[in-house]
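Architecture and fold: a report
Each chain, written out:
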Amino acid sequence: MDKIKIKKGLDIHLEGTPSNEMECFEPTLCAIKPLDFIGISPKMHVIEGDEVQIGSALFHDKNNERILFTSPVSGKVKAIVRGEKRAILRVVIENDFKNESIDFGAANPNTLSRNELIDKMLRSGVWPMLRQRPFATIANPNDAPKHIFVSMFDTAPLAIDNDYIIENQFDAIKTGLQVLSRFTDGKVYMGIRHNSLICKELSNQVGNDDIIAVEFDGKHPAGNIGTQINAISPINKGEVVWYCYPCDVMTIGKLFLTGKYDSTRIIATSGSAIRNPHYYTTKIGADISPILNVDENSRIISGNVLTGSNITDDRFLGYHDSQVTVIPEGDKYKLFGWIRPVFKRFTDTNTHGDTRPYIMTGKFEKVFPFDIYPMQLIKACLIKDIDQMEELGIYEIDAEDFALCEVIDPSKTPIQQIIREGLEFIRKETN
């Protein structure tokens, strides 16, 4: 087994680590939010009041009608919420708790062609779990990826412990990995934590010429998919790789084992503002309000504190998220603000002052593990210089790869937003 040491990075230790306690939470409401998917234009299949089953199509992508987004629960379409210019913000399903599901047919992946495998995943709505780089969009079923990557561990603050999650899910994981291996002429690379006995046992069972386990050691972002891609097989211009995570692989595997879309998602509630942080089995897109016993003056994040989305208002879990973090809102100000000397504190939800100039510190390179010049790439994205962005490695990265740079940046610059806007600019220009 190959072993890779990530030498640059930073571990951020926060209060509120989830305990290994599991509880079932069946949500009354679930929502699928088009904004969770980059570059899609939804075309509705349902209207308010329609009855749906698990796996019923809610909408498809206008750019690719084969890519369906399906209901995670059975029940009734309660609301189709729109924003500016009537853009669809979320489709809300009221759960009837009957768990009626469309049967897409169980099948052995080894007996199906590549196109048949893709068709089953598209019809069931499982396909959007597969994403591709560059641009972090939903994988294009017409592409042939160079490789497929699955990060089996997460090094973000208070992250879910995937070893705890997958320990009893080997059959689904193995089937899911078999399916993925049929989509590429390259390899399926499974990034595992260096001290993970569970993942090593799994890799011994599935490892072959097509599915390869690579052991990673190091600080965050060693668990990021971008870090693993960069270390194993960097992306060049014109190349495409696909990626997903253990929860996605389990869902793919269960589709073929049972013939049904299993929308179960194991999530961790975490953070210093959570009382009794622990694990829940729930549904994709669940309204998590009933399980959040928190103070009013708290920030609720779907995902981790570095890259997650603020869901204080709607409280629906993000499609790709397996973590909910709750921290105190940063609206308490200290004497002398940002000039006050402090030690061993990275950041909080407060900017400690007004907008400040973007200054060069030379610190980004200490936490950024890619063989890329981060400061120069950020500047290229700011000025929308496509040639410079390409030369500096824009196709290898996503916004989350710059989260630590944003944390240590004394200017409090929205670096992830800058990178995301640069990626969107080049994606639209090149398409």
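These figures come from a predicted structure and were not determined experimentally.

Per the counting criterion, the structure on display carries 12 aromatic pairs. Measuring from centroid to centroid gives 4.7 Å for F59 and F69, while their planes differ by 20°, and the two rings are stacked. In this pair, F59 is assigned in strand β6 (residues 57-61) and F69 in strand β7 (residues 64-70), connecting sequence segments 10 residues apart. The pair formed by F59 and F69 is uniform in burial state, with each residue classed as buried. Connected via pairs of aromatic rings, a cluster forms that spans F37, F59, F69 and Y319. A cation over a ring is seen here: R133 above Y243, with NZ or CZ 5.5 Å from the ring centre.

In spatial order, the strands read β3-β9-β8-β5; together these four strands make up an open sheet with antiparallel pairing. The outermost strands of the open sheet, each flanked by one partner alone, are β3 (29-32) and β5 (51-52). Bridging between β3 and strand β9 (residues 88-95) involves four bridges; their strand directions are antiparallel. Directly across from A31, in β9, lies its bridge partner V92.

So, about a positive patch on the surface. A cluster of basic residues, K43, K62, R82 and R86, forms a positive patch on the protein surface. Topologically, K62 is positioned in the loop between β6 and β7. Assessed through its relative accessible area of 52%, K62 is described here as exposed.

Alignment of strand β1 (residues 2-6) against strand β14 (residues 211-218), held across five bridges, turns out to be parallel. From the neighbouring strand, K5 faces β14, where its bridge partner is D217. As defined by bridge partners, strand β13 (residues 188-193) adjoins β14 across six bridges and the pair is classed as parallel. The partner of G191 across the bridge, within β14, is V214.

Turning our attention to the sheet that holds strand β2 (residues 22-24). Strand order across the open sheet formed by six strands is β2-β17-β16-β20-β18-β19, with mixed pairing between neighbours. Looking at strand neighbours, the two that pair on one side only are β2 and β19 (309-310), the edges of this open sheet. Note: strand β16 (residues 264-270) against strand β17 (residues 279-283), five bridges, orientation antiparallel. Across the sheet, residue R265 finds its bridge partner in β17, namely T282.

This part covers the side chain of T155. Looking at the element boundaries, T155 is found in the loop between β12 (148-151) and α2 (162-166). A polar atom in the side chain of T155 sits 2.8 Å from the side chain of H220. At 3.1 Å, the side chain of T155 and the backbone nitrogen of G223 are in polar contact. Among all residues touching T155, those that are not within four sequence positions of it are R193, H220, P221, A222 and G223.

To continue, consider the nonpolar core. Ranked by size, the top nonpolar core spans 82 residues in total, and within it M121, W127, L177, L180 and F183 carry the most contacts. Leave out the neighbours within four places in its chain, and L177 touches V150, V188, M190, V206, I211 and V249. Core analysis: the next-biggest nonpolar cluster, separate from the first, contains 29 residues, F402, A403, V407 and I415 among them.

A word on the state of the cysteines. Inspection of the entire model under this criterion finds zero disulfides. Looking at the unpaired C244, the closest cysteine sulfur is the one in C247, lying at 8.3 Å. Residue class for C244 comes out buried when judged on its relative accessible area of 1%. C405 takes part in no disulfide bond, and the closest cysteine sulfur to it belongs to C381, at a distance of 12 Å. Classification of C405 as buried rests on a relative accessible area of 1%.

Calculation criteria
Residues numbered from 1 in each chain as written. Predicted model: local features only at pLDDT ≥ 70, side-chain atom pairs only at ≥ 80, totals over all residues. Heavy atoms only, no water. Phe/Tyr/Trp six-rings, centres within 6.5 Å; stacked < 30°, edge-to-face > 60°. Helix = DSSP H or I, 4+ residues; strand = E, 2+ residues; numbered from the N terminus. Buried < 20%, exposed > 50% of the residue type's maximum accessible area, 1.4 Å probe, protein only. Lys NZ or Arg CZ within 6 Å of the ring centre and 35° of its normal. Pairing = 2+ DSSP bridges. Patch = residues over 30% accessible without salt bridge, like charges linked within 9 Å, V, L, I, M, F, W, Y side chains within 5 Å. Areas by Shrake-Rupley, 256 points an atom, 1.4 Å probe, with all protein chains shown as cover. Salt bridge = Lys/Arg side-chain N within 4 Å of Asp/Glu carboxyl O. Lys, Arg positive; Asp, Glu negative; His and termini not counted. Charge placed at Lys NZ, Arg CZ, Asp CG, Glu CD. Polar contact = N/O pair within 3.5 Å; in protein donor to acceptor, adjacent residues only side chain to side chain. Contact = heavy atoms within 4.5 Å. Core = buried A, V, L, I, M, F, W, Y, C linked by side-chain atoms within 4.5 Å. Disulfide = S-S within 2.5 Å.

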